[in-house]
Amino acid sequence: MSTADTATLSPLQRFRERINQIKQYEEILGVVYWDMRTGAPRKGIELRSEAVGALSSESFKLSTSDEMGELLAKLNEPELQAELSEIDRRLVAETSKEYERNRKIPPELYREYVVLTSQAESAWEEAKENNDFAGFVPYLEKIIAINRQFIELWGVKTTPYDTLLDMYEPGLTTVELDRLFGELRARLVPLAEQIANSSNKPNTSFLEGTFDKEAQKKFSKLILKDMGYDFEAGRLDESVHPFATGLSIGDVRITTRYLPDDITSALFGTIHEGGHALYEQNINPELARTTLSTGTSMGIHESQSRLWENIVGRSLGFWTRYLPDLKEHFPGQLDGVTAEEFYRGINVVQPSLIRIEADELTYNLHIMIRYEIEKMLFNENLNPRDLPEVWNKKYSEALGITPDNDSEGVLQDVHWSGGAFGYFPSYSLGNMYGAQMMDVARRKLPHLDDQIAAGQLLPLKEWLTEQVYQYGKLLQPAEIIERISGKPLQSSYLCDYLENKYREIYRL
Ligand code: ZN
C-alpha cells in the first residue's frame, strides 16, 4: 500500500488492516505446522523450521512495531474509545495487552529463549529415553531463570507464578487455584481410595483384541458428524500426538491416532479433538479477520474437549445409542457386551503414573501435583535438582504409587522443556468449567439426557454455540462462566458429577 492510500485511512482502519495481516500470517503458519505434524518429509524439516522462523518473526515484528504502538495509543484515547464497537474495543484491549507484554522483552533475550527451548526439547527427549534427569537439569535451570526475568519485566502480579498463570487463563490467581485444587483434593483423593478398595471392578476384557483401522476411522467420522462437526469446514487426519487446529472459522482440522489393539484411543481422542473443533468452527463470523476468532483461554478450550469426551462420550446414555453401531463396525468382536458393561468398562479408575493414560477421575490429581510443584518452583524457589524427590513424594501422597524411575515420573511431560509453566492447570480447569456448564445445560435443556441417548447431539452443540463458541475471545473466561451459571467457577460441580458417576459404577 502506498503512503497516499495509508494517509486516507483512519487509525481504526489501519489497525484493522494490520490485525488482518497478522491473522493471515497466523493462518499460513498454522497450515505449515499442520503439515509438519501430519507427515511432512523428515528431510525437509530443517529448512521448513527456518521458513517458519522467518514468517513468525515477520508476524512478531508487525505486532510489536512502533506503528502498532502509535495506533494503539490513538485508539486508547477516550474520544476514540467511545466510538469503537464492542468488537473493536475488545480487539484494542487484547492487542494492547499483547503489545505491552512483547515490547517488554528485549529481542536478544527472546531469541536466546527460543533457541534454548528448542534445544531443550531434544534434550528432554533424550533424558526421558535414558532416564537421565541430571542431563536435563541444566536446561530446566536456564528456562526457569529466563522465565523469572520475563516475570520481572512483565511485572509480578501478587506472586511470580500468578504472572505465568495469567498467560493461559487471564484473570486466574493462585489464591483461586489453591481453593479449587484444595477442594478437589479433599473430595477426589478419598473417592479414588474408596474405588481402589471396592470389590466391584468393571470387566474390561472385551476392550482387548485387534480392531480394524478402517472401521475405527469410519466410526470416528460417524460420531463427529453426529456431534455437528462440519466436514466442509474441516478434515480428519492422523498424527502421533492428536491435536485440533483452527486455521480459520472455515478450516478447523483435527487429527487422531488409531491403535490396532486399543479401540478407546482413537474413539475418545477423536471426540476430544472434535470438542475443540466445534468451538473454533462456531465462532461468530464477524470476528473473522481478527485475533479474537479463537478460544478465549486454554481452560475454556479444554472444557469443550473434555465435556464432549467425558461427560457426553463416556456416559451410559451415549453408549445405549452408539454401542449397536460400534458392534456393526466390528462384527463378532463385541457381541455379548451390554451398554451397561461397556459403559463400566470404559470408565475404569486405576491410579497410574502417567498423566496422559489417566482416567477421568485421577487425571485431576496428576494436574494438582503439577500445579503445586510449579508454584514451589516460582514462589518458593524449589531447586530444580530436587524435583524428582518432590514429585515422587506427591505421587505417593495423592495416588498411593511411586514411579520406579524419572522417565515415568518427573520427565514424562514435554511442557516444561518448552517453558510452558502455568499451562497444566488448564486441564483441570477445563473439567471444572465443563461440569459447571453441563449442570446448567441439563436445566435449560430438560430433555438433554434423552436426546443424548437418542444420538441427538445437536441441541447441546447449539446451546454451547450460543453460550460459549460464538464469542471466541470477545468474552473473558470468567465472564463466560458467570453468564452461563450466574456464579464464578466452582469445583463442586465436578466433584458432584464424579462422585455420582463412580459411586454408581463401583457400587460405593
Ligand atoms: Zn485438549
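Please refer to the structure placed before this passage.
This one's a predicted model, so the numbers in the text were calculated from it and none came from an experiment.

Cut-off values and rules
Residue positions are counted from 1 within each chain, in the order its sequence is given. Only residues with pLDDT of at least 70 are given local features in this predicted model, and only at 80 or more are side-chain atom pairs given and counted; all residues enter the totals for whole chains, interfaces and linings. Side-chain numbers come from the whole structure's heavy atoms, not from hydrogens or water. By definition, any uninterrupted DSSP run of H or I lasting at least four residues is a helix, any uninterrupted run of E lasting at least two residues is a strand, and each is numbered from the N terminus. Any pair of residues with heavy atoms lying within 4.5 Å of one another is described as a contacting pair. Relative accessibility decides the category of a residue: with a 1.4 Å probe and only protein chains considered, values under 20% of the type maximum give buried, values over 50% give exposed, and everything between is partly exposed. Working convention: axes come from line fits to C-alpha atoms, limited for helices to the stretch in contact. Angles between N-to-C directions cover 0 to 180 degrees. By convention the crossing between two helices is left-handed if the near helix lies anticlockwise of the far one by an angle smaller than a right angle, and right-handed if it lies clockwise. Any nitrogen, oxygen or sulfur atom within 2.8 Å of a metal ion counts as a donor, with the limit raised to 3.2 Å for Na, K and Ca, and since water is left out, coordination shells can look unfinished. Both cavities and pockets are sets of points on a 1 Å grid over the protein atoms alone; in a cavity a 1.4 Å probe fits but cannot get out, in a pocket the set is open with protein on both sides within 12 Å along at least five of seven lines, and lining residues sit with an atom within 4 Å of a point. Grid points are joined across faces, edges and corners, and a volume is the space filled by probe spheres set on the points. Under this grouping Gly is polar, as are all residues other than the nonpolar Ala, Val, Leu, Ile, Met, Phe, Trp, Tyr, Cys and Pro and the charged Asp, Glu, Lys and Arg.

Participant: What am I meant to see in the side chain of Glu372 here?
Facilitator: Looking at where Glu372 falls in the secondary structure, it is placed in helix H16 (residues 363-379). Residues in contact with Glu372, not counting those within four places in the same chain, are Arg185 and Lys394.

Participant: Before we go on, may I ask you to explain unusual backbone geometry in this structure?
Facilitator: Note: most peptide bonds trans; most residues except glycine with negative phi. A positive phi angle, near 50 degrees, is found at Asn131, a position not held by glycine. One can find Asn131 in the loop between helix H7 (107-130) and helix H8 (133-154). Of the residues examined, Asn131 reaches a relative accessible area of 36% and is grouped as partly exposed.

Participant: Would you explain the packing of helix H10 (residues 174-197) against H16 in this entry?
Facilitator: Packed helices, taken two at a time, are described by the angle their axes make and the gap between the axes. Across the interface, H10 lies against H16 with an axial gap of 10 Å and an inter-helix angle of 140 degrees. The interaxial crossing formed by H10 with H16 has left-handed handedness. Listed contacts from H16 to Thr174, Leu177, Asp178, Phe181, Leu184, Arg185, Leu188, Val189 and Ala192 of H10 are Asn364, Leu365, Ile367, Met368, Tyr371, Glu372, Lys375 and Asn379.

Participant: I'm lost on the coordination of the zinc ion in this one. Help?
Facilitator: In an ideal octahedron of six donors the angles at the metal are 90 or 180 degrees, and in an ideal tetrahedron of four donors they are 109.5 degrees. Only His272 (NE2), His276 (NE2) and Glu302 (OE) from the protein coordinate the zinc ion, and they sit 2.1 Å from it. Between consecutive donors of the zinc ion, the numbers of intervening residues give the motif H-x3-H-x25-E. Of this pair, His272 and His276 both sit in helix H12 (residues 263-281), four residues apart, roughly one helical turn.

Participant: Help me understand empty space enclosed by the protein, please; the structure alone is not making it clear to me.
Facilitator: Rolled over the atoms, a probe as big as a water molecule pinpoints where empty space is left. Under the definition given, this model contains four cavities of 30 Å³ or more. As a volume, the largest cavity reaches approximately 70 Å³. If you go around the largest cavity, you meet 13 residues; those closest to its centre are Asn310, Glu360, Asn431, Leu494 and Tyr497. When residues of the lining of the largest cavity are traced back to their parent elements, those giving at least two are helix H13 (298-312), helix H18 (425-444) and helix H22 (492-505). In terms of residue count, H13 provides more of the lining of the largest cavity than any other element does, five residues in total. Looking at the lining of the largest cavity residue by residue, the classes come out as five nonpolar, six polar and two charged. Lining the second largest cavity, in full, are Trp124, Phe133, Phe136, Leu140, Val410, Leu411, Asp413, Trp416 and Ser417. Partitioning the lining of the second largest cavity into residue classes produces seven nonpolar, one polar and one charged.

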